[in-house]
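Structural features, examined
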Amino acid sequence: MKNIGQLDSPKPLERQWVTTIGVIIFHALSVWALFYFSWQNVVLALGLWWVAGSLGIGLGYHRLMTHKGFRTPKWLEYFLTICGTLALQSGAISWVATHRLHHAFTETENDPHSPAGGLYWAHMGWIFRGTAQNQTMETMERYAPDMTKNRVHLLMNEYYWVSSVVLGAVLFFGGLIIGGFEVGLGALLWGVFVRTVIGWHSTWLVNSVTHTWGYRRFETADSSTNNALIAVLAFGEGWHNNHHAHPRSAKHGLTWKEFDFNWMQIRILEKLGLAKDIYAFSLSDKINSQKIKKAA
């Protein structure tokens, strides 16, 4: 499977050893975390999963920065970016470039995580080969030129891992002070490792499952589907057929049955005066468009 997104890479299928070893370690430590189970740690992990996966990836990296579905003050954009770095899915510029490649070349050899390479490849195999989400500057400048001109984003993209190191230190030493070594270690394992692994698979399921199983409302040129289970796990990102049909829309769930938690948060930001220029496709737009075509 040719992993494009590495436009200037002479060895596109070269093994990403740092990523491979890192993913193995994170999964192993997540299993070890079970020995430090507590409801407090579960709540901690779920809360940070929301911060990283919903505020960071869903709102920040995806709907705001990749697709420009709405606008926020710059300070809030940077805050959402920091939240996104906690997901350890690369920096915002690299993530945005990867996702724009996915939309530009969906299910072709140029799609970084095309399901044509198999379910495992689309889910996580693609991050172990080539540049994966660690895009080259050439690729980022081509597919995310709006962000590569911003020095703050460039800095955060380069050092995206720092936020997780800081968070881990805060959790460990905070727990150490409050309840001793085991409390600190449990907070670290659940707040960083378990939470990150859950976030990874929630995002990867969008790449794999919602291009394999689900229902289709729109006849798009790809195999994207809407999947309710993935929508729950990914805070509304599982309404993927809706998204591929109208990628700029900040609203992915189009009926009351398609619960879209990320969209609800964008509406809250709008009420607070922190989100504007929101584009939200609705089914009434589709109906009106069909009426116009028939009249013509």
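Residues numbered from 1 in each chain as written. Predicted model: local features only at pLDDT ≥ 70, side-chain atom pairs only at ≥ 80, totals over all residues. Heavy atoms only, no water.

**Observations concerning the packing of aromatic side chains**
- In this structure the tally under the stated criterion is 15 aromatic pairs.
- Between Phe235 and Phe261 the ring centres are 6.1 Å apart and the planes differ by 40 degrees, which places this aromatic pair in the tilted class. One end of the pair, Phe235, is in the loop between helix 11 (228–233) and helix 12 (240–245); the other, Phe261, is in helix 13 (residues 261–271), with 26 residues separating them in the sequence.
- Over the aromatic face of Trp17 sits the side chain of Arg15, whose NZ or CZ is 5.7 Å from the ring centroid. (Phe/Tyr/Trp six-rings, centres within 6.5 Å; stacked < 30°, edge-to-face > 60°. Helix = DSSP H or I, 4+ residues; strand = E, 2+ residues; numbered from the N terminus. Lys NZ or Arg CZ within 6 Å of the ring centre and 35° of its normal.)

**Examining the confidence of the model for the protein**
- Overall, the prediction assigns the protein a mean pLDDT of 92, with 92% of residues at 70 or greater.
- Taken together, the stretch residues 1–11 has pLDDT below 50 and engages in 34 contacts with residues farther than four places along the chain or on a different chain.
- Contacts of residues 287–296 to residues separated by more than four positions or lying in other chains number zero contacts, the stretch itself having pLDDT below 50. (pLDDT = per-residue confidence, 0-100. Contact = heavy atoms within 4.5 Å.)

**Here's the deal with the pattern of salt bridges**
- Taken as a whole and judged by the stated rule, the model has ten salt bridges.
- The partner of Glu138 in a salt bridge is Arg142, and the shortest N-O contact between them spans 3.1 Å. Taken as a pair, Glu138 and Arg142 lie in helix 6 (residues 137–143) at a separation of four residues, close to a single helical turn.
- Judged by its relative accessible area of 48%, Arg142 falls in the partly exposed class. (Salt bridge = Lys/Arg side-chain N within 4 Å of Asp/Glu carboxyl O. Buried < 20%, exposed > 50% of the residue type's maximum accessible area, 1.4 Å probe, protein only.)

**What about the nonpolar core?**
- Met65, Ile127, Leu189 and Trp190 are the most contacted members of the largest nonpolar core, which totals 54 residues.
- Every element with two or more residues in this core is listed here: helix 1 (17–32), helix 2 (39–66), helix 3 (74–85), helix 4 (92–104), helix 6, helix 9 (162–179), helix 10 (181–208) and helix 13.
- Sorting elements by how many residues they give to this core places helix 2 first, with eleven residues.
- Residues in contact with Leu189, not counting those within four places in the same chain, are Leu29, Trp32, Ala33, Tyr36 and Val194. (Core = buried A, V, L, I, M, F, W, Y, C linked by side-chain atoms within 4.5 Å.)

**Here's the deal with helix 13**
- The set of residues buried in helix 13 consists of Asn262, Trp263, Gln265, Ile266 and Leu269. All buried residues of helix 13 lie within an arc of 160 degrees about the axis, which places them on one face of the element.
- Contacts made by the buried residues of helix 13 are with helix 2 and helix 3.
- Of the residues trailing helix 13, Gly273 is marked for its positive phi of about 80 degrees. (Arc of directions from axis to C-beta.)

**So, helix 8 (residues 151–158)**
- Within helix 8, the full set of buried residues consists of His153, Met156 and Asn157. Buried residues of helix 8 fall within an arc of 105 degrees about the axis and therefore sit on the same side. Exposed side of helix 8, more than 90 degrees from the buried face: Arg151, Leu155 and Glu158 are the residues found there.
- The distance from a side-chain oxygen at the start of helix 8 to the backbone nitrogen of Val152 is 2.9 Å, and the residue carrying that oxygen is Asn150. (Polar contact = N/O pair within 3.5 Å; in protein donor to acceptor, adjacent residues only side chain to side chain.)

**A closer look at the side chain of Thr203**
- Checked against the element boundaries, Thr203 lands in helix 10.
- According to the relative accessible area criterion, Thr203 is buried, its value standing at 18%.

**Digging into the side chain of Ser30**
- Along the chain, Ser30 falls in helix 1.
- Excluding residues that lie within four positions of it along the chain, Ser30 makes contacts with Phe193, Val194 and Val197.

**A word on unusual backbone geometry**
- Backbone geometry places Leu88, a non-glycine residue, at a positive phi of 55 degrees.
- Among the secondary structure elements, Leu88 is positioned in the loop between helix 3 and helix 4.
- With a phi angle near 60 degrees, Glu107 is a residue other than glycine that sits in the positive phi range.

**Some points on the packing of helix 2 against helix 10**
- Where helix 2 contacts helix 10, the axes come no closer than 8 Å and their chain directions differ by 45 degrees. Here helix 10 runs oblique to helix 2, going by the angle between their axes. Here helix 2 runs over helix 10; the crossing is right-handed. In this structure, helix 2 uses Asn41, Val42, Leu44, Ala45, Leu48, Trp49, Ala52 and Ile57 to contact helix 10, whose residues at the interface are Gly186, Ala187, Trp190, Gly191, Arg195, Ile198, Gly199, Ser202 and Thr203.
- Grouping the constituent residues of the contact of helix 2 with helix 10 by class yields ten nonpolar, six polar and one charged. (Axes fitted to C-alpha atoms, helices over the stretch in contact; angles between N-to-C directions. Parallel < 35°, antiparallel > 145°, perpendicular 65-115°, else oblique. Left-handed = near helix turned anticlockwise from the far one by under 90°. Nonpolar A, V, L, I, M, F, W, Y, C, P; charged D, E, K, R; others polar.)

**A short note on a nonpolar patch on the surface**
- Taken together, the side chains of Leu155, Tyr159, Trp161, Val162, Val165, Val166 and Val170 define a hydrophobic patch exposed on the protein surface, amounting to about 670 Å² of accessible area.
- When residues in the nonpolar patch are grouped by element, the largest group, four residues, is from helix 9.
- Along the chain, Val166 falls in helix 9.
- For Val166, a relative accessible area of 47% translates into the label partly exposed. (Patch = residues over 30% accessible without salt bridge, like charges linked within 9 Å, V, L, I, M, F, W, Y side chains within 5 Å. Areas by Shrake-Rupley, 256 points an atom, 1.4 Å probe, with all protein chains shown as cover.)

**As for the environment of Gly199**
- Within the fold, Gly199 resides in helix 10.
- With a relative accessible area of 12%, Gly199 lands in the buried category.
- Distance in space between the C-alpha atoms of Gly199 and Ala97 is 20 Å, their sequence separation being 102 residues.
- Apart from residues no more than four positions distant in its own chain, Gly199 is found in contact with Trp49 and Gln89.

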